[in-house]
Amino acid sequence: MSGSAAKSIHLAMTPLEWALLILLSMLWGGSFFFVEIALRELSPFTIVFVRLFLGALGLFGVAVYLGLSFPRGVRVWISFFCLGLFNNAVPFGLLVWGQVHLASGVAAIFNATTPLFTLVIAHFFTADEKITPTKLLGIIIGVGGVATLIGAKFDDSSGWVLLASCACLGAACSYGIAGVFARRFLASGIAPMTAASGQVFASSMLLLPLALAFDQPWNLPAPNLATLASLVAIGLFSTSLAYVLYFRILTTAGATNLSLVTLLVPASAIVLGVGILDEQLLPKHIAGMTLIALGLITIDGRVWRRIKEVRS
């Protein structure tokens, strides 16, 4: 769920592409819901490992179906592990741990700050993605939204909610690092689906020893059907299928249109969390989400350009 490695391209969205974009947001938003279910019986490292391993199996199946070959060089697999670390292992782990102390919808709102971190990181590590005055304004608005969200946590005596909020922000920052790294990596000619398969598999191997050492899943009672279904859903649907849709939309609609999914994911997570899990969102959560969304819209710039076109 990191930023695209491709350059932003303004293309028209067809009804099919809008439908795929909404479906993608539901799959990624649903991942927060599935994690919430799985956390009732399993520990974070185990959930993340199973998600990545099942996701890798699904993506390998797609890659084989498409006839893609996998590189065998040491350097490319080092890149897979680096990309998997920042795009999957670290952010998934931080988000799942964060959800131990946060409602799924709140975690999804924090995750929506990914483009803010991506923009700042890209400013320093790329030559053609610099922060403009308009984008700087969007960042400031988005940071105001984050401050509003975290401000609601200062009355938590244990401090765990505040730490969980910081963990979710750390996940968004990790996605930002991965987005910049992925852009350079894909420029080397690696097929996107090959890169997705390789990095998800690599990240699952990074999580395996952690799950075995810290969670010791063999000592846990057998999970019930709801937990097993959630693991399958988060692995095959919220990871494998989501990546397939991600690259499908990126190819036909462009990176700029694809970035709209960032605004839709929290809505999907909130609907599922409030509607099914009976989670509650405070007014400060809604205010924070609104400011973050406004910041992202300002960074995107299309709304303001269209307003200017209408006025002129």
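Throughout what follows, the structure given in this document is the object of discussion. Predicted model only: the values in this text are computed from it and were never measured.

### A short note on the nonpolar core
Thinking step 1. Counting residues in hydrophobic clusters, the biggest one holds 67 residues, and the most contacted among them are Leu24, Ile47 and Phe110.
Thinking step 2. With 12 residues, helix H9 (residues 225–258) is the single largest residue contributor to this core.
Thinking step 3. Those residues in contact with Ile47 that sit more than four places away from it in its chain are Val35, Ala38, Leu39, Leu42, Val96 and Leu231.
Thinking step 4. Among the nonpolar cores identified, the runner-up in size contains nine residues, and Val76, Phe80, Leu83 and Ala182 belong to it.

### Things to note about the state of the cysteines
Thinking step 1. Enumeration according to the criterion identifies zero disulfides in this entry.
Thinking step 2. Among the cysteines around Cys82, which has no disulfide bond, Cys173 carries the closest sulfur, lying 16 Å off.
Thinking step 3. Looking at Cys82, the relative accessible area reads 32%, which means it is partly exposed.
Thinking step 4. With no disulfide of its own, Cys166 has Cys168 as its nearest cysteine by sulfur position, at a separation of 9.4 Å.

### Considerations on the packing of helix H1 (residues 15–38) against H9
Thinking step 1. In the contact formed by H1 and H9, the axes pass within 8 Å of each other and the chain directions differ by 150 degrees. Comparing the axis directions of H1 and H9 gives the class roughly antiparallel. In this structure, H1 meets H9 at a crossing whose hand is left-handed.
Thinking step 2. For the contact of H1 with H9, a count of residues per class yields 23 nonpolar, seven polar and two charged.

Here is what the cut-offs are and how they apply
Residues numbered from 1 in each chain as written. Predicted model: local features only at pLDDT ≥ 70, side-chain atom pairs only at ≥ 80, totals over all residues. Heavy atoms only, no water. Core = buried A, V, L, I, M, F, W, Y, C linked by side-chain atoms within 4.5 Å. Buried < 20%, exposed > 50% of the residue type's maximum accessible area, 1.4 Å probe, protein only. Helix = DSSP H or I, 4+ residues; strand = E, 2+ residues; numbered from the N terminus. Contact = heavy atoms within 4.5 Å. Disulfide = S-S within 2.5 Å. Axes fitted to C-alpha atoms, helices over the stretch in contact; angles between N-to-C directions. Parallel < 35°, antiparallel > 145°, perpendicular 65-115°, else oblique. Left-handed = near helix turned anticlockwise from the far one by under 90°. Nonpolar A, V, L, I, M, F, W, Y, C, P; charged D, E, K, R; others polar.

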